[in-house]
Amino acid sequence: MSNHDISLVCAWLDYVTVPGFDDDDKPTKVPVQCRQPAEIAGTLVLCERHRAVRQEGRDNDRGRLLLRYRAEYPDAPFLKGFTYVLRLSDGRVKIGKSDRVDTLKERFKRHHGRYGAFDILAVIDGGEDLEMMLHWIFRKLRIKELGEVFYSNGPLISLMLQGDIAPAALPAVQWYEGYALGQGFEVEVPALYAIPGLPASH
Ligand SMILES: [Zn+2]
């Protein structure tokens, strides 16, 4: 038997509640293996959806600890980079990060390919630690199967609009406006016009 004969299946166990057969039987929880086609993820074999679920759990643990740390040290600087918040065409929100302004452009281009045109709600100074904290704060809105995509609600949008566009990220934001316009989409960047000193028709 060669390696080609091995097809990996997801090892994730979901616990399904089975009702008792008699009135005095208590419901019991039974493990059910996922068994979808899978790949090796670290020390486990998981399908795409369960890789995302596991990543979410790790993000949440880190976000929770980072938020606790910042409560004690509010003036500590964030890691280098940008955390961006995009409103996708279906109204859902993507929160991601990029370490540099040139990789930020690449991210925007890739997201455009995957999700279609989007509005840029905020690009905030602060890298991975800021992103992790936002993922934790909005964890209940997170769509597990889609990685870093969230349902939108009022508090999320208003918080993000306070975030504004970091001046250092403007080249990437303006590049995306031009890129999307070239494909027939007018991008809304509502916060951009709130930056003092910027002409309205930048
Ligand atoms: Zn699975």
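Residues numbered from 1 in each chain as written. Predicted model: local features only at pLDDT ≥ 70, side-chain atom pairs only at ≥ 80, totals over all residues.

Asker: Mind showing me how you'd approach the overall build of the chain here?
Answerer: For the chain, the count of helices and strands is five helices and eight strands. Along its sequence from the N terminus, the chain presents helices and strands in the succession β-β-β-β-α-β-β-α-β-α-β-α-α. Residues classed as buried in the chain amount to 24% of the 202 residues present. Sequence separation of at least 24 residues holds for 68% of the intrachain contacts in the chain that already meet a minimum separation of 6. (Helix = DSSP H or I, 4+ residues; strand = E, 2+ residues; numbered from the N terminus. Buried ≥ 20, exposed ≤ 12 C-beta atoms within 10 Å, placed from the backbone. Contact = placed C-beta atoms within 7 Å.)

Asker: Explain helix H5 (residues 170-182) here, please?
Answerer: Because each turn of an α-helix spans 3.6 residues, side chains separated by three or four positions end up pointing in the same direction. The end-to-end C-alpha distance of H5, which contains 13 residues, comes to 18 Å, matching closely the 18 Å that a straight helix rising 1.5 Å per residue would cover. The complete set of buried residues in H5 reads Ala172, Val173, Tyr176 and Ala180. Angularly, the buried residues of H5 cover 100° about the axis, an arc narrow enough to put them on a single face. Exposed residues lying more than 90 degrees from the buried face of H5 are Gly178, Leu181 and Gly182. In this structure, the buried residues of H5 make contact with helix H2 (101-115) and strand S7 (118-125). One or two steps after H5, the chain reaches Gly184, where phi turns positive at roughly 90°. (Expected span 1.5 Å × (residues − 1). Arc of directions from axis to C-beta.)

Asker: I tried to follow the pairing of strand S1 (residues 13-18) on my own but got confused; where do I start?
Answerer: As a general feature of sheets, a regular strand has side chains that alternate between the two faces. By the criterion of burial, S1 is predominantly exposed, with just zero of the six residues buried. The pairing of S1 with strand S2 (residues 28-33) spans six bridges and is classified as antiparallel. Looking at S2, one finds that Val18 is bridged to Thr28. (Pairing = 2+ DSSP bridges.)

Asker: What is the right way to read the packing of H2 against H5 from this model?
Answerer: When two helices pack together, their arrangement is given by the angle between their axes and by how far apart the axes lie. The interhelical angle for the contact between H2 and H5, taken along N-to-C directions, is 30°, at an axis separation of 9 Å. In this view, H2 runs roughly parallel relative to H5, as classed from their interaxial angle. Classified by chirality, the crossing of H5 by H2 is right-handed. Between H2 and H5, the contacting residues are Val101, Leu104, Lys105, Phe108, Lys109 and His112 on the first element and Pro171, Ala172, Trp175, Tyr176, Tyr179 and Ala180 on the second. Here the contact of H2 with H5 is built from residues that sort into nine nonpolar, one polar and two charged. (Axes fitted to C-alpha atoms, helices over the stretch in contact; angles between N-to-C directions. Parallel < 35°, antiparallel > 145°, perpendicular 65-115°, else oblique. Left-handed = near helix turned anticlockwise from the far one by under 90°. Nonpolar A, V, L, I, M, F, W, Y, C, P; charged D, E, K, R; others polar.)

Asker: I tried to follow the pairing of strand S6 (residues 93-98) on my own but got confused; where do I start?
Answerer: For S6, a buried count of six out of six residues is recorded, marking the element as mostly surrounded by other parts of the structure. Alternating positions in S6 separate into two faces, Val93, Ile95 and Lys97 on one and Lys94, Gly96 and Ser98 on the other, with burial throughout. Bridge count for strand S5 (residues 82-88) against S6 is six bridges, and the pairing is antiparallel. Bridge pairing links Arg87 to Val93 in S6.

Asker: I would appreciate a short explanation of the confidence of the model for the chain in the present structure.
Answerer: Where the model shows low pLDDT, its predicted coordinates should not be examined in detail. Model confidence for the chain is summarised by a mean pLDDT of 83, while 88% of its residues fall at 70 or above. Within the chain, the element-level pLDDT minimum falls on helix H4 (residues 154-163), averaging 73, and the maximum on H2, averaging 95. In the model, residues 191-202 has pLDDT below 50 throughout and makes eleven contacts with residues more than four positions away in sequence or in other chains. (pLDDT = per-residue confidence, 0-100.)

Asker: Sorry if this is basic, but what is going on with the sheet that holds S5 here?
Answerer: Two strands in a sheet stick together by hydrogen bonds in their backbones, pointing the same way (parallel) or opposite ways (antiparallel). The strand order across the open sheet built from four strands is S7-S5-S6-S8, with neighbouring strands paired in antiparallel fashion. The sheet is open, and its two borders are formed by S7 and strand S8 (149-150), each paired with just one other strand. Sheet strands touched by H2: S5, S6 and S7. Its angle to S6, the strand with the most contacts, is close to 150°.

Asker: Sorry if this is basic, but what is going on with the nonpolar core here?
Answerer: In a soluble, globular protein the nonpolar side chains are often hidden away together inside. Residues Tyr84, Val85, Ile120, Ala122, Val123 and Ala169 are the most contacted members of the largest nonpolar core, which totals 30 residues. Of all the secondary structure elements, the ones that give two or more residues to this core are S5, S6, H2, S7, helix H3 (128-137) and H5. Here the element with the most residues in this core is S7; it accounts for six residues. Other than its neighbours up to four places away in sequence, Tyr84 contacts Gly96, Ser98, Leu104, Ile120, Ala122 and Val123. Among the nonpolar cores identified, the runner-up in size contains five residues, and Cys10, Trp12, Ala38 and Cys47 belong to it. (Core = buried A, V, L, I, M, F, W, Y, C linked by C-beta atoms within 7 Å.)

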